[in-house]
Amino acid sequence: GAVVSQHPSWVICKSGTSVKIECRSLDFQATTMFWYRQFPKQSLMLMATSNEGSKATYEQGVEKDKFLINHASLTLSTLTVTSAHPEDSSFYICSARVWGLAGGETQYFGPGTRLLVL
Amino acid sequence: RKEVEQDPGPFNVPEGATVAFNCTYSNSASQSFFWYRQDCRKEPKLLMSVYSSGNEDGRFTAQLNRASQYISLLIRDSKLSDSATYLCVVNQGGKLIFGQGTELSVKP
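Only a predicted model underlies this, so the values are computations on that prediction, with no experimental measurement involved.

A. Structural context of the sheet that holds strand S8 (residues 76-81) of chain A. All names here are of chain A. Reading across the sheet, the 4 strands line up as S1-S3-S8-S7 and stay open at both edges, with antiparallel pairing between neighbours. One side of each edge strand has no neighbouring strand; the edge strands of this open sheet are strand S1 (4-7) and strand S7 (67-73). The mean inter-strand angle of the sheet, taken between neighbouring strand axes irrespective of direction, is 15°. Two elements, S7 and S8, share 5 bridges in a ladder whose sense is antiparallel. From the neighbouring strand, Ser73 faces S8, where its bridge partner is Leu76.

Set out below in structure tokens:
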């Protein structure tokens, strides 16, 4: 299947720091990427849909000014957690959408980034 | 009501057992359905898509009943390596909605 990478794989930072996470599609182009967050013992929750060349679409309850998304190329989307606080500590996972020949779609996930804000 | 609900776990089964996971979804306009597997501290990985006609991949069988908005996954002859959290996932308008997952632990 398609390969999606994320960098960094884990981050520990002080409260108030901004953290940038990169999501790359390695062997394909992705017009659309998605950002999810997963708290311990909970399910993945979609934060936003990132479209190449346009503004991201945020889910209800997700602050767009706090979670900045940039999708400047067909292989890279970035999520910046601005002024991170301990409650932002979570597992952040991106995915890239791939369309199949028959028109169906599949999302391939990156390995995730663990963020711990002290 | 959650959009996608799964059996609460965990399921603890011996090797070789058959185990079934159930899932229901609330939005009848949901377009496609999947089972993902997530290992501890890792990203979810697609196990299989689920079709109305039912589909099988080796020891794994998935079923979809659109009328009752119900999805199932059956694992036969379970292996130690099947231990993971199984996520029921529904595509609604291009967005994936995840169930909370059911943890499976296969013991020797």
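B. Representation of the side chain of B:Thr61 within the structure. All names here are of chain B. In this fold, Thr61 is placed in strand S7 (residues 60-65). Classification of Thr61 as buried rests on a relative accessible area of 12%. For Thr61, the side chain forms a polar contact with the side chain of Arg76, separated by 2.8 Å. Sequence-distant contacts of Thr61, defined by excluding residues within four places in its chain, comprise Asn55, Glu56, Ser72, Leu73, Leu74 and Arg76.

C. Fine view of the state of the cysteines. This model, assessed by the stated rule, comprises 2 disulfides over all chains. Sulfur-sulfur distance for the disulfide between A:Cys23 and A:Cys94 comes to 2.0 Å. With the S-S bond torsion at 80°, the cross-link from A:Cys23 to A:Cys94 turns out right-handed. Here A:Cys23, found in strand S3 (residues 19-25), pairs with A:Cys94, found in strand S9 (residues 90-99); they are 71 residues apart in sequence, far enough to count as distant. Like A:Cys23, the residue A:Cys94 is buried in the burial classification. Note that B:Cys23 is cross-linked by a disulfide to B:Cys88, the S-S spacing being 2.0 Å. Judged by the sign of its S-S torsion, about -75°, the bond between B:Cys23 and B:Cys88 is left-handed. Of the two residues, B:Cys23 is situated in strand S3 (residues 19-25) and B:Cys88 in strand S9 (residues 84-92); the sequence distance between them amounts to 65 residues. B:Cys88 matches B:Cys23 in its accessibility class, with the two residues each being buried. The closest cysteine sulfur to the non-disulfide-bonded A:Cys13 is located on A:Cys94, 19 Å from its own sulfur.

D. Molecular detail of the layout of surface pockets. Empty space within the largest pocket amounts to approximately 810 Å³. Around the largest pocket, the lining is made up of 30 residues, and of these A:Gln38, A:Pro40, A:Lys41, A:Gln42 and B:Thr85 lie nearest the centre. Listed by contribution, the elements that provide at least two residues to the lining of the largest pocket are strand S2 (10-13), S9 and strand S11 (113-117) of chain A together with S9 and strand S11 (102-107) of chain B. Here the lining of the largest pocket is built from residues that sort into 13 nonpolar, 10 polar and 7 charged. In this model, the second largest pocket occupies a volume close to 420 Å³. What lines the second largest pocket is a set of 20 residues, among which A:Leu44, A:Met45, B:Glu3, B:Ile97 and B:Phe98 lie closest to the centre.

E. Just the pattern of salt bridges, in detail. Inspection of the entire model under this criterion finds 7 salt bridges over all chains. Between A:Asp88 and A:Lys66 there is a salt bridge; the shortest N-O distance is 2.9 Å. Of this pair, A:Asp88 sits in the loop between S8 and S9 while A:Lys66 is found in the loop between strand S6 (57-58) and S7, placing the two residues 22 residues apart along the sequence. In this pair, the class of A:Asp88 matches that of A:Lys66, namely buried. Across the pair B:Lys79 and B:Asp77 runs a salt bridge whose closest N-O atoms are separated by 2.9 Å. Looking at B:Lys79, the relative accessible area reads 32%, which means it is partly exposed.

Criteria and thresholds
- Residues numbered from 1 in each chain as written.
- Chains lettered and ligands numbered in written order.
- Predicted model: local features only at pLDDT ≥ 70, side-chain atom pairs only at ≥ 80, totals over all residues.
- Heavy atoms only, no water.
- Pairing = 2+ DSSP bridges.
- Helix = DSSP H or I, 4+ residues; strand = E, 2+ residues; numbered from the N terminus.
- Axes fitted to C-alpha atoms, helices over the stretch in contact; angles between N-to-C directions.
- Buried < 20%, exposed > 50% of the residue type's maximum accessible area, 1.4 Å probe, protein only.
- Polar contact = N/O pair within 3.5 Å; in protein donor to acceptor, adjacent residues only side chain to side chain.
- Contact = heavy atoms within 4.5 Å.
- Disulfide = S-S within 2.5 Å.
- 1 Å grid on protein atoms, 1.4 Å probe; cavity = no way out; pocket = protein on both sides within 12 Å on 5 of 7 lines; lining within 4 Å.
- Points joined across faces, edges and corners; volume = space filled by probe spheres on them.
- Nonpolar A, V, L, I, M, F, W, Y, C, P; charged D, E, K, R; others polar.
- Salt bridge = Lys/Arg side-chain N within 4 Å of Asp/Glu carboxyl O.

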